[in-house]
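# Chain and residue survey
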Amino acid sequence: MSASTNKKPISAKKIMGMKGQEPIVCLAAYTTPIARMANVHCDLILVGDSVGMVLHGLPSTQGVSVDMMVMHGQAVRRGADLALVVVDLPFGSYEASPEQAFETASYIMAQTDCSAIKLEGGAHMAPTIQFLVDRGIPVMAHVGLTPQSVKGIGGYAVQGRGEDRQRVLDDATAVQDAGAFAVVLEMVTEELAIEATKALHIPTIGIGASNQCDGQVLVVDDMLGMFQDFKPKFVKRFAQLGEAAETAIATYADEVRTRQFPGDDHIYADKK
Ligand code: KIV
């Protein structure tokens with residue numbers, strides 16, 4: 001059942017119960033107007049730290065701050081009263097200790113009224129996930145390609161190929177056993193995604209993984225085709241809004257320069 005037909009807000013527990021059912025629809029989004037649309041059609045809205053690259057022009061997600069996540073978390077939450085809102089913990093705000101993670105997660109939840117947080121990392125983050133879950137914070141995990149550690153893992157490459165497969169599977173199992181309610185599998189081989197989806201009892205949410213995952217997530221600006229020069233293999237453009245926006249801006253500039261705009265329809269006459 002989608003968020004639009006189920007008029008009750010979706011909880012992390014409900015997402016967990018959707019394992020093996022109808023695919024879970026997730027979108028990474030950052031603003032109120034998009035959240036209003038996603039709220040009707042999606043089960044889960046992720047306020048991803050990809051916001052730093054997508055909306056703020058940062059070169060990676062490593063420069064994203066807690067304040068940025070709070071601001072965009074609040075914006076999304078204003079537009080979403082049905083879909084589950086999950087906010088990413090940004091780089092440097094949780095890795096040092098479970099206590100640091102709790103401090104950041106509880107602050108973000110209090111400030112944004114989101115329902116859950118997401119953090120990146122596999123087996124090494126399991127004690128932190130357990131610490132948060134034990135204290136009432138629903139956690140979505142993220143394994144495979146973890147963009148916050150892209151400098152450490154040597155770039156945006158497919159994970160889990162060959163001998164690396166068992167490591168990613170072990171990561172997914174560790175975050176599940178620590179209490180995560182779902183796990184994002186990013187840029188892993190299809191075989192691995194299918195194996196993990198069969199092996200785990202929590203939902204797998206794929207991005208560059210497999211349509212056999214329990215759900216899918218894409219970044220909204222990517223799937224709307226906002227960027228004409230950025231298209232990883234796993235992104236399908238469901239629209240070409242970047243091209244349409246650029247054409248509209250060029251036309252506006254031209255009409256201003258030629259004094260076609262504003263025309264009669266867009267100006268106010270004095271009362272006769
Ligand atoms: O930051 C993000 O948008 C994400 C998704 C792409 C999974 O982590």
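Residues numbered from 1 in each chain as written. Predicted model: local features only at pLDDT ≥ 70, side-chain atom pairs only at ≥ 80, totals over all residues. Heavy atoms only, no water.

### A few points about the pairing of strand 1 (residues 24-28)
Both faces of the sheet carry side chains from a regular strand, because those side chains alternate between them. The buried fraction of strand 1 is high, at 4 of 5 residues. Sheet topology note: the strand 1/strand 8 (residues 215-219) ladder contains 5 bridges and is parallel. Opposite Leu 27, over in strand 8, you have Leu 218 as the bridge partner. In terms of strand pairing, strand 1 meets strand 2 (residues 44-47) through 3 bridges, oriented parallel. Note that in strand 2 the partner of Leu 27 across the bridge is Ile 45. Handedness of the crossover joining strand 1 and strand 2 through helix 2 (residues 32-41): right-handed. (Buried < 20%, exposed > 50% of the residue type's maximum accessible area, 1.4 Å probe, protein only. Helix = DSSP H or I, 4+ residues; strand = E, 2+ residues; numbered from the N terminus. Pairing = 2+ DSSP bridges. Right-handed = clockwise from strand over helix to strand, strands pointing away.)

### Considering helix 4 (residues 66-79)
In this model helix 4 runs 20 Å from its N-terminal to its C-terminal C-alpha over 14 residues, within 8% of the 20 Å that 1.5 Å per residue would give. Every buried residue of helix 4 is listed here: Met 68, Met 69, Val 70, His 72, Gly 73, Ala 75, Val 76 and Gly 79. (Expected span 1.5 Å × (residues − 1).)

### Here's the deal with the site of the ligand
Residues in close proximity to the ligand include Ala 28, Leu 46, Gly 48, Asp 49, Ser 50, Asp 88, Lys 118, His 142, Val 184, Ile 207, Val 217 and Val 219, which together make up its full environment. With respect to the ligand, the side chain of Asp 49 contributes an N or O atom lying 3.0 Å from an oxygen atom. One of the side-chain nitrogen or oxygen atoms of Ser 50 is found 2.5 Å away from an oxygen atom of the ligand. Grouping the amino acids of the shell around the ligand by side-chain chemistry returns 6 nonpolar, 3 polar and 3 charged. (Near = heavy atom within 4 Å. Polar contact = N/O pair within 3.5 Å; in protein donor to acceptor, adjacent residues only side chain to side chain. Nonpolar A, V, L, I, M, F, W, Y, C, P; charged D, E, K, R; others polar.)

### Points about the packing of helix 4 against helix 5 (residues 98-112)
Two elements in contact, helix 4 and helix 5, have axes whose closest approach is 9 Å; the angle formed by their N-to-C orientations is 35°. As for the relative orientation of helix 4 and helix 5, their crossing is right-handed in sense. Across the interface between the two elements, Val 66, Met 69, Val 70, Gly 73, Gln 74 and Arg 77 from helix 4 touch Thr 104, Tyr 107, Ile 108, Gln 111 and Thr 112 from helix 5. Partitioned by chemical class, the residues of the contact of helix 4 with helix 5 number 5 nonpolar, 5 polar and 1 charged. (Axes fitted to C-alpha atoms, helices over the stretch in contact; angles between N-to-C directions. Left-handed = near helix turned anticlockwise from the far one by under 90°. Contact = heavy atoms within 4.5 Å.)

### Some words on the confidence of the model for the protein
Across the protein, the average pLDDT comes to 96, with 98% of residues at or above 70. Mean pLDDT values over the elements of the protein span from 88, in helix 7 (residues 150-153), up to 99, in strand 2. (pLDDT = per-residue confidence, 0-100.)

### Some words on unusual backbone geometry
Geometrically, the link from Phe 261 to Pro 262 is a cis peptide bond, its omega value of 0° lying close to zero. Considering the arrangement of structural elements, one finds Pro 262 in the segment after helix 11 (241-257). Here Asp 113, not a glycine, exhibits a phi torsion of approximately 65°, which is positive. Among the secondary structure elements, Asp 113 is positioned in the loop between helix 5 and strand 4 (116-120). Even without being a glycine, Met 187 presents a positive backbone phi close to 45°. By secondary structure assignment, the location of Met 187 is in the loop between strand 6 (182-186) and helix 9 (190-199). Owing to a relative accessible area of 15%, Met 187 belongs among the buried residues under this scheme.

### With respect to the side chain of Lys 19
Assignment of secondary structure puts Lys 19 in the loop between helix 1 (12-17) and strand 1. From its side chain, Lys 19 meets the backbone oxygen of Thr 197 in a polar contact 2.7 Å long. Beyond its immediate sequence surroundings of up to four residues, Lys 19 is in contact with Thr 197, Leu 200, His 201, Ile 202, Pro 203 and Asp 214.

### Section: the side chain of Thr 32
Structurally, the position occupied by Thr 32 is in helix 2. Within polar-contact distance, the side chain of Thr 32 engages the backbone oxygen of Ala 75 at 2.7 Å. Residues within four places of Thr 32 in sequence aside, it is in contact with Ala 75, Arg 78 and Gly 79.

### Let's talk about the packing of aromatic side chains
Across all of its chains, the model carries 1 aromatic pair by this definition. Between Tyr 252 and Phe 261 the ring centres are 6.0 Å apart and the planes differ by 65°, which places this aromatic pair in the edge-to-face class. Under the relative-accessibility criterion, Tyr 252 is labelled exposed at 51%. On the basis of relative accessibility, which here comes to 34%, the residue Phe 261 falls in the partly exposed class. Positioned over the ring face of Phe 131 is Arg 135, at 3.5 Å from the centre of the ring. (Phe/Tyr/Trp six-rings, centres within 6.5 Å; stacked < 30°, edge-to-face > 60°. Lys NZ or Arg CZ within 6 Å of the ring centre and 35° of its normal.)

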